[in-house]
Amino acid sequence: VQLQASGGGLVQAGGSLRLSCAASGRTFSRYSMGWFRQAPGKEREFVAAISDSGGITAYADSVKGRFTISRENGKNTMYLEMNSLKPEDTAVYYCAVRVHYYSDYAGALHEYAYWGQGTLVTVSS
C-alpha cells in the first residue's frame, strides 16, 4: 500500500480544511487507517482513526468535536475534515495504515505503517 496525503495549506484560525489520503492497491478496504500529526519540535501524535468499513471512529481529545474522519473505499481515499482550526493545529499531517492490533487503543503509533509523505497545515492567529 502506498499513501498520498494532500489538502494542506494556510488558513486563518476558525477556518476549515479537508485533507485527503489516497491509497494505491486493491486492499485498502481491509485496513483500519489513521491520521497523525507532527508539529515542529514535537513528537508525532494521534489525531483520528477509522475502521476498515468506516463504521467505527476514534479521535484525540484535542480535536474531538472539530475534526471528522471518513473514508470512501470505492475511491481508495480517506478524509479528515477539520473545522474551527486553531493555531495549535499547525503541523504536518500524515496518514497511515493500521497493521497491528496490540490493544484497543487506536492511536498507538507503533501499530501503524505505510506512512504517507505528509501535508502541511498552517493555522494563523
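Anyway, here's the lowdown on the structure attached to this text. Being a predicted model, the structure only gives us computed values, none of them experimental. (Residues numbered from 1 in each chain as written. Predicted model: local features only at pLDDT ≥ 70, side-chain atom pairs only at ≥ 80, totals over all residues. Heavy atoms only, no water.)

Quick look at the pattern of salt bridges
One pass over the full model with this rule turns up six salt bridges. Asp61 is paired through a salt bridge with Lys64; the nearest N and O atoms lie 3.1 Å apart. Relative accessible area serves as the criterion here: at 66%, Asp61 is assigned to the exposed category. Of the charged contacts in the structure, one is a salt bridge between Glu111 and Arg98, with a shortest N-O distance of 2.6 Å. With a gap of 13 residues between them, Glu111 in the loop between β9 (91-98) and β10 (112-113) and Arg98 in strand β9 connect regions that are remote in the sequence. The buried category is assigned to Glu111, whose relative accessible area is 0%. By sharing partners, the salt bridges in this structure join Arg37, Glu45, Arg66 and Asp89 into a single network. (Salt bridge = Lys/Arg side-chain N within 4 Å of Asp/Glu carboxyl O. Buried < 20%, exposed > 50% of the residue type's maximum accessible area, 1.4 Å probe, protein only. Helix = DSSP H or I, 4+ residues; strand = E, 2+ residues; numbered from the N terminus.)

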